[in-house]
Structures are given as C-alpha cells and as structure tokens.
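Analysis of the macromolecular model
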Amino acid sequence: MNNFSSSHASVLPTEDHWAAQMASRLRLLLAAGADEPAEQREAHIEEQVRRGLQSVPAAQRTQCLERLAAHFPVGQITVLANPPGTPDAAERKPQTPDEVMALVGEAWTRFTLEQRKTLRERFVSIGVIEAPVPVPAAAAASGEAVDLTEAKRTFGLTPTESMVPLRLGRLAAMQTDFYTKLDQLAWSTWKQVSPQSPLKKDSTQGDFRSQLRRYLKGDAEPTDMQIAQQIERTRQLVSSLVGSLAVTSRGFAKRYQTRYAPEAVRDIVKMEGGIGPFGGDAKCWKKYNELAAEINELSIQTDMMETISRFVEDMVKTRKTGAPN
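Residues numbered from 1 in each chain as written. Predicted model: local features only at pLDDT ≥ 70, side-chain atom pairs only at ≥ 80, totals over all residues. Heavy atoms only, no water.

In this section: the overall build of the chain. Each helix and strand counted, the chain has 14 helices and zero strands in total. The order of α-helices and β-strands along the chain, N terminus first, is α-α-α-α-α-α-α-α-α-α-α-α-α-α. Across the 325 residues of the chain, 24% fall into the buried class. Just so you have it, the chain exposes about 22,900 Å², and 58% of that area is on carbon and sulfur atoms. (Helix = DSSP H or I, 4+ residues; strand = E, 2+ residues; numbered from the N terminus. Buried < 20%, exposed > 50% of the residue type's maximum accessible area, 1.4 Å probe, protein only. Areas by Shrake-Rupley, 256 points an atom, 1.4 Å probe, with all protein chains shown as cover.)

Set out below in structure tokens:
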C-alpha cells in the first residue's frame, strides 16, 4: 500500500485521468464481450489501449500504463508503450535544425576519422557545406590565408561571427573584375577630356590586372602600398568625374548668362557706344546675332571639357595636400 501511495503521488493528474477513463472503457468492453473467447477479449483490450495511447506523448506512455494497471489488470500491456504506426522519439525522423544537429553530433562522436572524412565529402556533394579552399603551404604557415580579421572589419562583422572563405574569394573576384573595367574606362575618359593634363595614370607597373596577378602570386612588387595607391588614384578620378557633372551644367549656364543674356548684350552695345537716347534694340539684336555665331557644338564641348578638367584637377590636388574640400 505504501508503494502504491508513493507511486500515485509522483504521477501527473493527466496520466491518472487517462488511466481512469481507459479502465472504464475496458470494463464496458469486457461486459459486452462476456461470451467471447478469452483470446478474443484480450485482443480487443490491446486494440483499445493501443488506440488510446496514440494521443499520449511517448514520454508519458509507460507511466500511463502503470497507472492503468492500478485501475485494471491488463497483464503484459506495457509492450504497447509505443504502438505500431506511432514512432517514439528514437524512431521519429528529426525535423528541426536542433534535432538534426543533435543526431549528427551524437553519431559524429562514434565515427572514425575515415568515416568523418566520408561524411564531410557527402555534405559537400549535396551542397550542405562549401568545399574547402585549398591553402598553399607557405600561406598557411604565415597565417595570411586564414586571417579574416581585416575582412570581417571591412564588412562590419564581429570577430565571433563566421565568414565563408570561399564566398569571400568569389566576391573578391567579382569586385576585381568590376574595378579593372572601371579603372580602364575612367582613365580612358579622362584622356579624352583633358589630353594635356599632368594628371595621368601610373603605367610603370603595367595594366592593373597584371599588377594584381603578380600581387596575388606573392611577387615582391607591387606591394600593399602600391596597390592601395593605385586604387586610391582611380577612386579620386572617378569621384571627381561624377562630381563634375553638376559643376559643368552650372558653369555652362553661368557662361551663357554672362555673355548671351539680353542684359549682357545690352551692356556690350553700351560699351561700344551703340545705344543712343532713343534706345538701340536693333543694334542689340544685331550684336546678339554676332555673338550667337560663337555657339556651336565644338565651342560648347570645349567649354564643358575645360570646366570638367579644372574641377577634377582641383579636387585631386586638394585631396593630395589634405586641404578641406
């Protein structure tokens, strides 16, 4: 009796409630089948209990059956703790990432080194993980190939956040292709805008793509500083060219207003003594026609190119000296 009381106190109310309800159904089942053979009655009891356990979590089934035994003599009914068609926790397929990781982690501890290598290869083949990037022995020894501290800082990642080296390599390749094309376009455009400008591309090291090739191979030159300087020169040129768009439009508008606006034409006629006491609209119109002959495609292009050239050179000089923009 004491053992029963102790066991009863540790059972959750839901389990005891389930056992009481199941016992009532089993008594009704026995009463209805009183004329049936014993084997058939036992089969009906097992089927009833099996159906009832399907709605019970696997962790509670054993306790439910123990409580049922206290209400109704079911014999060796404990074999139904995990009835057919209702997988328990060990048989249920993992669904969440945590469950999958727990399953893999448990198996990993039992695998040999060869089995672990095979598992990695299978993960790579189905795309679960990225293939490792081959690291040259010299680079691995120096630590340059695995130190992602600077890259993480550049992209705003904390030291504890992960970064996939393979994707970093892909991104570097895409950005390098973009930069080399932009570098070529920017300096080619600048040569057309201001062919006589002292601001020229440094070609002593060859084209930039070949410089990068030597740099990545580990040649003594170009150095980190030389690559950084080349990139900075191109950045300054591109930003100055883009910034010159607004300056060029304002410069052309100002030049037009100061030379071809009605007030400007009238001032020129006055300076030449062509306006008398009765006005001089005819002379002003004649002077405007003379001045308008200056406006053509070549003069406009020349004026715009000169404005762009002055702006870009001033911007680059200002950045070199460190003076405020």
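Our next topic: the nonpolar core. Soluble globular proteins tend to bury their nonpolar side chains together. Counting residues in hydrophobic clusters, the biggest one holds 13 residues, and the most contacted among them are W18, M22, L26, V49, L53, L68 and F72. Elements represented by at least two residues in this core include exactly α2 (13-32), α3 (38-53) and α4 (58-71). Per-element tally for this core: the top contributor is α2, with five residues. (Core = buried A, V, L, I, M, F, W, Y, C linked by side-chain atoms within 4.5 Å.)

We now examine helix α6 (residues 113-125). Here α6 contains 13 residues, and its C-alpha end-to-end distance of 19 Å stays within 8% of the 18 Å for a straight helix at 1.5 Å per residue. One or two positions beyond α6, positive phi appears at G127, with a value near 85°. (Expected span 1.5 Å × (residues − 1).)

This part covers the packing of helix α11 (residues 224-260) against helix α13 (residues 281-292). Axis separation between α11 and α13 bottoms out at 11 Å; the angle between their running directions is 145°. Contacts between α11 and α13 pair Y256, R259 and Y260 from the former with Y288, L291 and A292 from the latter. When grouped by side-chain class, the residues that make up the contact of α11 with α13 number five nonpolar, no polar and one charged. (Axes fitted to C-alpha atoms, helices over the stretch in contact; angles between N-to-C directions. Contact = heavy atoms within 4.5 Å. Nonpolar A, V, L, I, M, F, W, Y, C, P; charged D, E, K, R; others polar.)

With that settled, the discussion passes to a nonpolar patch on the surface. There is a patch of nonpolar side chains on the surface, built from I126, V128 and I129 and spanning about 280 Å² of accessible area. Inspection of the secondary structure puts V128 in the loop between α6 and α7 (137-142). Using a relative accessible area of 53% as the deciding quantity, one classes V128 as exposed. (Patch = residues over 30% accessible without salt bridge, like charges linked within 9 Å, V, L, I, M, F, W, Y side chains within 5 Å. Salt bridge = Lys/Arg side-chain N within 4 Å of Asp/Glu carboxyl O.)

Turning our attention to the packing of aromatic side chains. The tally for this structure, following the rule as stated, stands at two aromatic pairs. Summarising the aromatic geometry, the rings of Y179 and F208 are spaced 4.9 Å apart at their centres and angled 65° between planes, so their arrangement reads as edge-to-face. With Y179 in helix α9 (residues 165-193) and F208 in helix α10 (residues 208-217), the pair connects residues that are 29 residues apart, well separated along the chain. Since its relative accessible area comes to 15%, Y179 is described here as buried. With a relative accessible area of 3%, F208 lands in the buried category. On the numbers, 5.8 Å between centres and 25° between planes, the contact of W285 with Y288 is stacked. Taken together, the positions of W285 and Y288, both in helix α13 and three residues apart, correspond to about one turn of that helix. (Phe/Tyr/Trp six-rings, centres within 6.5 Å; stacked < 30°, edge-to-face > 60°.)

In a structure, side chains of opposite charge can pair up when their charged atoms sit close to one another. Within the structure shown, the criterion is met by eight salt bridges. A salt bridge links D183 to K201; the nearest nitrogen and oxygen atoms lie 2.6 Å apart. Of this pair, D183 sits in helix α9 while K201 sits in the loop between α9 and α10, and the two are 18 residues apart along the sequence. Within the structure, one salt-bridge network assembled from shared partners comprises E47, R50 and R51.

This part takes up the environment of R116. Among the secondary structure elements, R116 is positioned in helix α6. With a relative accessible area of 22%, R116 lands in the partly exposed category. Excluding its chain neighbours within four sequence positions, the residues that come into contact with R116 are W108, T109 and F111.

Moving on, we get to the confidence of the model for the chain. Here the chain averages 76 in pLDDT, while 80% of its residues score no lower than 70. Here helix α1 (residues 2-10) stands out as the least confident element of the chain, with mean pLDDT 41; α9 is the most confident, with 89. Long-range and interchain partners of residues 1-12, a stretch whose pLDDT sits below 50, account for seven contacts in this model, where long-range means more than four residues apart. Taken together, the stretch residues 76-81 has pLDDT below 50 and engages in 13 contacts with residues farther than four places along the chain or on a different chain. (pLDDT = per-residue confidence, 0-100.)

What follows deals with the packing of helix α12 (residues 262-271) against α13. At a minimum axis distance of 9 Å, the contact between α12 and α13 shows a crossing angle of 110°. Viewed along their axes, α12 and α13 adopt a mutual orientation that is roughly perpendicular. Each of V265, R266, I268 and V269 in α12 lies in contact with α13, whose residues at this interface are D281, K283, C284, K287, Y288 and L291. For the contact of α12 with α13, a count of residues per class yields six nonpolar, no polar and four charged. (Parallel < 35°, antiparallel > 145°, perpendicular 65-115°, else oblique.)

Where α12 is concerned, the buried positions are A264, V265 and V269. Considered in projection along α12, the buried side chains sweep an arc of 140° and stay on one side of the axis. Exposed residues on α12 whose side chains face more than 90 degrees from its buried face are E263, K270 and M271. Of the surrounding secondary structure, the elements contacted by the buried residues of α12 are α11 and α13. Looking one or two residues beyond α12, the residue adopting positive phi is G273, at roughly 75°. (Arc of directions from axis to C-beta.)

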